[in-house]
2 protein chains.
Amino acid sequence: MPASVYTSLLQPDVRIMLAEHDEAGLRELCTAFYPALVAEVLDGMTPEQTWDVLRHGDPPHQAEILAFFSLPFQMSLVELIDRESLSRIVEEMSADDRVDLLERMDVEHFEALMPLIAQAERAEIRKLLSYPEDSAGAIMTTEYASLPADITAHDALERLRIQAPSRETIYYIYITDEERRLLGFLSLRKLIQAKPSTKLSSLMDRDPISVKVTDDQEDVANELLRYDFLAIPVVDDQNRLVGIVTHDDAADVLQEEATEDAHLLGGVQPLEDGYLDTPFFTLARKRGVWLVILLGAASMTAQVLGWLDNSDSGTWMVLFLPMVLASGGNAGSQSATLVIRALALDETEGHVHWIAWREARIGACLGAVLAALSVVVALWMVGWRESLVVGSTVFLVVTMGTIVGAMLPLGLKRIGLDPAIMSNPMIAALSDMMGVVIYYTAANWMVGTVA
Amino acid sequence: MPASVYTSLLQPDVRIMLAEHDEAGLRELCTAFYPALVAEVLDGMTPEQTWDVLRHGDPPHQAEILAFFSLPFQMSLVELIDRESLSRIVEEMSADDRVDLLERMDVEHFEALMPLIAQAERAEIRKLLSYPEDSAGAIMTTEYASLPADITAHDALERLRIQAPSRETIYYIYITDEERRLLGFLSLRKLIQAKPSTKLSSLMDRDPISVKVTDDQEDVANELLRYDFLAIPVVDDQNRLVGIVTHDDAADVLQEEATEDAHLLGGVQPLEDGYLDTPFFTLARKRGVWLVILLGAASMTAQVLGWLDNSDSGTWMVLFLPMVLASGGNAGSQSATLVIRALALDETEGHVHWIAWREARIGACLGAVLAALSVVVALWMVGWRESLVVGSTVFLVVTMGTIVGAMLPLGLKRIGLDPAIMSNPMIAALSDMMGVVIYYTAANWMVGTVA
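Just so it is clear, the structure is predicted and the values come from calculations on it, not from any experiment.

Rules used in this analysis
Residues numbered from 1 in each chain as written. Chains lettered and ligands numbered in written order. Predicted model: local features only at pLDDT ≥ 70, side-chain atom pairs only at ≥ 80, totals over all residues. Helix = DSSP H or I, 4+ residues; strand = E, 2+ residues; numbered from the N terminus. Rg over C-alpha atoms; globule rule 2.2 N^0.38 Å. Buried ≥ 20, exposed ≤ 12 C-beta atoms within 10 Å, placed from the backbone. Contact = placed C-beta atoms within 7 Å. Domains from an automatic or database assignment. Nonpolar A, V, L, I, M, F, W, Y, C, P; charged D, E, K, R; others polar. Least-squares fit on C-alpha atoms with pLDDT ≥ 70 in both. Pairing = 2+ DSSP bridges. Axes fitted to C-alpha atoms, helices over the stretch in contact; angles between N-to-C directions. pLDDT = per-residue confidence, 0-100. Right-handed = clockwise from strand over helix to strand, strands pointing away. Parallel < 35°, antiparallel > 145°, perpendicular 65-115°, else oblique. Left-handed = near helix turned anticlockwise from the far one by under 90°. Core = buried A, V, L, I, M, F, W, Y, C linked by C-beta atoms within 7 Å. Expected span 1.5 Å × (residues − 1). Arc of directions from axis to C-beta.

1. Some details on the overall build of chain A
Working step 1: Within chain A one finds 21 helices and seven strands.
Working step 2: Computed over its C-alpha atoms, the radius of gyration of chain A comes to 28 Å, more than 25% above the 22 Å expected for a compact globule of 451 residues.
Working step 3: Counting only C-alpha atoms, chain A reaches 95 × 55 × 45 Å along its principal axes.
Working step 4: Each of the 451 residues in chain A was classed as buried or not, and the buried ones make up 48%.
Working step 5: For chain A, long-range pairs separated by at least 24 residues make up 71% of all intrachain contacts whose partners lie at least 6 apart in sequence.

Printed below as a string of structure tokens:
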């Protein structure tokens, strides 16, 4: 059945179980369903309520469910969990998910937790943490299935049965020598079709395609996707197998990179977390930085116009026209980009009103900052009345641009159209028109003459 | 070893084998390497040369290699292959890849080919072709592994060995009743760990997560990725299993949707093929459409300015300032968006000069069209001299914006920076500054007075 049916069936049940302290029911929830589904059912609960449910599970299930929450939510859960339970959960997490979480922890918390974690896991954590961010090493897992070349297919299957519980995947098997050097590759599909007495050395593909542990993660993900692999082996300088990158992590990387590029292209400093998970002031800062830089660039255009336009002083309005219009267009593009990307990632469901309200407030904040700065810029070139016209226009244009940029894609989605057809240039064009009207109305009202 | 090492080692060999008509060598190439790798080694050859290599393979390998080429290249290959060989290849292709290719063929070609294809395949092709574009049905494959619930784990493994060669994946097994209704799900991992005498009915997960055949493909891909599945079952209205969507196709869908959204946001009608594969005039048309619409919107801003700015006629220049600047910014955003997305998909390697040259030519074409239209727009409001100033400025601004928008990301990539940091608003700001200089210089030169 569709996942949405599951969640809508289970969500009310969970609240009842929590209210009635139904220990058996909560235990079953934590252990009998897909971990990703449990995480989705719990979506919308507070960290406290979530842990109230999860503490009924066992560490292996807790670890799996935890990994499906967003990292900010994982962090707030981690603060609640007692150190002893947390260390058991961290031990059970898959190597790559664990590192993502630990990387985020503050040093104090991290160092308090580490002694409680088993020696073998601890060494692995330190090793994985040592690889540079954005490298293959940072997204790989060390839990791969590997076998020697000189055993038979029958023996290989027996060994795989034993390895299976602790491996991220057993569908791809890597053949290594005693020094862990990568000799070959074998799929489980080929293995189970082989005659039981065949040696792996005659079944395996020799010299499989691999990547270096220092390779860029986006290149690695593109490579894996190009070949339709389930996983790709990661080797060090001596061609020793150190890990594998699996298809799901590669797909996540490509999604993240696409989001990052979209944000940059739309003039937003990339968000580390989802659009909804990013706090108000972080979001305002990541947008404000670029708007200020762009205002600076536009103020140079005003300067250039000042030199070129050497007619009488009545034409002061034209000097700031490009700057005023660009501010509105830029703010609108930012909102549209963020909302359209969040829609593509299916993040916005049930949050439309909240998004509209937050965008309006962010627009007003950004508008106020940009207005103040543009008054300063204008004061260099014209009088204070004229500067006030520029400032109030920038405030209104930025606020309205932000709201329009956010609401248009949401509206298009609601009426069943592709939200992305409202492109950034189109939003800029709408904003230009509003901007011109606001600018001239403000000038007429505040200075009296329009020139 | 890394894939790039493979390709650089093999490419010269292939040319020698072709020159020396080394039949045995070419046969080995087609059959002994990963199909995706062979496709990459052949990249850059003409369709004729490619078929000269591929005709030495057998249909199963030919079919697999073919599926790794871009669809436009597949189409040009298909034109070369004799009908008999082509029908064998099409029979061997996986159900989803096959439909992608056949959908593109013209009716005549398609109807000539169909009678040569085996009855069973033919029925399946017609069925898959009947699902709406962008639905789960359009990306699923019908080659899934399924078993009844009442057999033992031992028997299941035996049956899977027989099913394996014709299945897209055997790692996920779907349990169905006699009416093909989906009862449960079982992974091969769980199956090989089970006691051989256990019945599948007690091993399987009941009521697995599934999607409807009419669900939107982007939602399906997001769902699959959220649960980290290898595949997700697709059912019809009666909960009968009709196919599966696999992880690689889901990842492709998400990449395509991200590209489509990026293009739309950048103001380009989405390209159906890769940036490099799209012919010159198709690309010019897909960009020109939006630039013309946006010019129309900007001309309304000029109208509005004309009403508001009721000072003397000397200020004609201000009327077209927003329109002139927006044209350059829009053209630049288009180029930057296309190039940055192509860079993210790893499409540009070795083509940088060609891209720069093509963008310059497209910029000039688009500039000429927009210039002509803006002269018409301007003639409504001002005299012919002034209109010519507007027209020539638009031509220069659009051409330069296009070139700058394409070259900046490529340059940033070359010096090792993230090409996306040169955001569209930044390109618009640069283009504004150039635009102001060009506009006033042109006016000074052609009309003599700047007002």
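2. So, the domain arrangement of chain A
You'll often see interface size given as the accessible area lost when the parts meet.
Residue and element names in this part refer to chain A.
Working step 1: By the assigned domains, chain A splits into domain 1 (3-130), domain 2 (139-252) and domain 3 (266-446).
Working step 2: One C-alpha centre belongs to domain 1, the other to domain 2; they are set 29 Å apart.
Working step 3: Domain 1 puts four residues into the contact, and the matching count from domain 2 is seven residues.
Working step 4: Looking at the side of domain 1 that touches domain 2 residue by residue, the classes come out as one nonpolar, one polar and two charged.

3. As for the interface of chain A and chain B
Working step 1: Each partner contributes residues to the interface: chain A has 79 residues there, and chain B has 79 residues.
Working step 2: Looking at the side of chain A that touches chain B, its residues break down into 51 nonpolar, 16 polar and twelve charged.

4. Details of the relation of the copies chain A and chain B
Working step 1: With an axial shift of 0.0 Å and an RMSD of 0.1 Å, the rotation relating chain A to chain B amounts to 180 degrees. Those values place the two copies in the arrangement expected of a two-fold rotation axis.

5. What about the sheet that holds strand β3 (residues 182-187) of chain A?
Residues and elements named next belong to chain A.
Working step 1: Taken together, the four strands give an open sheet; going across it, the order is β1-β2-β3-β4, and neighbouring strands pair in mixed fashion. The open sheet has two edge strands with one neighbour each: β1 (144-147) and β4 (205-206).
Working step 2: Bridge count for β1 against strand β2 (residues 169-176) is four bridges, and the pairing is parallel. Of the residues in β2, the one forming a bridge with Y144 is T169.
Working step 3: Contacts between helix α12 (residues 153-163) and the sheet are confined to β1 and β2, with β1 contributing the most and set at about 150 degrees to the helix.

6. Things to note about unusual backbone geometry
Working step 1: Despite not being glycine, R180 of chain A has its phi angle at roughly 65 degrees, a positive value.
Working step 2: Tracing the sequence through the fold places R180 of chain A in the loop between β2 and β3.
Working step 3: Phi is positive for H21 of chain B, which is not a glycine, with a value near 50 degrees.
Working step 4: Relative to the helices and strands, H21 of chain B resides in the loop between α1 (3-19) and α2 (23-32).
Working step 5: Here H21 of chain B falls in the exposed class, since 9 other C-beta atoms lie within 10 Å of it.

7. Considerations on the confidence of the model for chain A
All names here are of chain A.
Working step 1: A residue-level look at chain A finds 98% of positions with pLDDT of 70 or above and a mean pLDDT of 90.
Working step 2: Put simply, helix α1 (residues 3-19) is where chain A has its lowest mean pLDDT, 85, and strand β6 (residues 231-235) is where it has its highest, 96.
Working step 3: Model confidence for the complex: the whole-complex pTM is 0.85, and ipTM, which rates the interface, is 0.84.

8. A look at the environment of G184 of chain A
Residue and element names in this part refer to chain A.
Working step 1: Here G184 is to be found in strand β3.
Working step 2: Given 18 C-beta atoms within 10 Å, G184 falls into the partly exposed group.
Working step 3: G184 sits 17 residues away from S201 along the chain, and the two C-alpha atoms are 8.1 Å apart.

9. Looking at the sheet that holds strand β4 (residues 205-206) of chain B
All names here are of chain B.
Working step 1: The strand order across the open sheet formed by four strands is β1-β2-β3-β4, and the pairing between neighbours is mixed. Looking along the sheet, the strands with just one partner apiece sit at the ends: β1 (145-147) and β4.
Working step 2: When strand β2 (residues 172-176) meets strand β3 (residues 182-187), the two strands line up antiparallel, connected through five bridges. Across the sheet, the residue bridging to T176 is L182, located in β3.

10. Observations concerning the pairing of β2 of chain A
All names here are of chain A.
Working step 1: When you tally the buried positions in β2, you get seven out of eight residues, the bulk of the element.
Working step 2: One crossover worth recording links β1 to the parallel β2 by way of α12, and it is right-handed.
Working step 3: Across five bridges, the pairing between β2 and β3 is antiparallel.
Working step 4: Two successive antiparallel strands, β2 and β3, enclose a turn made up of five residues, where R180 displays a positive phi of approximately 65 degrees.

11. Thoughts on the packing of helix α17 (residues 280-308) of chain A against helix α19 (residues 352-381) of chain A
Each pair of packed helices can be summarised by the angle the axes make with each other and by the distance between the axes.
Residues and elements named next belong to chain A.
Working step 1: Closest axis-to-axis distance for the α17/α19 pair is 10 Å, and the angle between their directions is 30 degrees. Compared by their axis directions, α17 and α19 come out roughly parallel. The way α17 lies across α19 gives a crossing that is right-handed. On α19, the residues touching F280, L283, A284, R287, G288, L291, V292, L295, S299, A302 and G306 of α17 are R358, I362, C365, L366, V369, L370, L373, S374, V377 and M381.
Working step 2: For the contact of α17 with α19, the per-class residue count stands at 15 nonpolar, four polar and two charged.

12. Things to note about the nonpolar core
What tends to happen in soluble globular proteins is that the nonpolar side chains get buried as a cluster.
Working step 1: Core analysis: the biggest nonpolar cluster contains 230 residues, and V245 of chain A together with V245 of chain B have the highest contact counts within it.
Working step 2: If sequence neighbours within four positions are ignored, V245 of chain A has contacts with A136, I139, M140, V220, L224, A231, I232, V234 and A250 of chain A.

13. Details of helix α19 (residues 352-379) of chain B
Residues and elements named next belong to chain B.
Working step 1: For α19, built from 28 residues, the straight-helix expectation of 40 Å at 1.5 Å per residue is met to within 8% by its first-to-last C-alpha distance of 40 Å.
Working step 2: Buried residues of α19: I355, E359, I362, G363, L366, G367, L370, A371, S374, V377 and A378, and no others.
Working step 3: Considering only its buried residues, α19 is in contact with α17 (280-308), α18 (316-344) and α20 (384-414).

14. Considering helix α7 (residues 83-92) of chain A
Working step 1: Buried within α7 of chain A are the following residues: L86, S87, I89 and V90 of chain A. The buried residues of α7 of chain A all sit within an arc of 165 degrees when viewed along its axis, so they share a single face.

15. A word on the environment of H351 of chain A
Residues and elements named next belong to chain A.
Working step 1: Along the chain, H351 falls in the loop between α18 (316-344) and α19.
Working step 2: A count of 14 C-beta atoms within 10 Å places H351 in the partly exposed class.
Working step 3: Along the backbone, H351 and H263 are 88 residues apart, and their C-alpha atoms lie at a distance of 20 Å.

16. A word on the environment of A24 of chain B
Residue and element names in this part refer to chain B.
Working step 1: Tracing the backbone shows A24 in helix α2.
Working step 2: For A24, a count of 9 C-beta atoms within 10 Å puts it in the exposed group.
Working step 3: Linking A24 and R122, residues 98 residues apart in sequence, is a C-alpha distance of 33 Å.

17. With respect to the packing of α17 of chain A against α18 of chain A
Residue and element names in this part refer to chain A.
Working step 1: At their nearest, the axes of α17 and α18 sit 8 Å apart, and the two run at 160 degrees to each other. Overall, the two elements α17 and α18 adopt an arrangement that is roughly antiparallel. The handedness of the crossing between α17 and α18 is right-handed. Between α17 and α18, the residues in contact are R287, L291, L294, L295, A298, S299, T301, A302, L305 and G306 and V318, L319, F320, P322, M323, A326, S327, N330, A331 and Q334, respectively.
Working step 2: Class assignment of the residues belonging to the contact of α17 with α18 gives a composition of 13 nonpolar, six polar and one charged.

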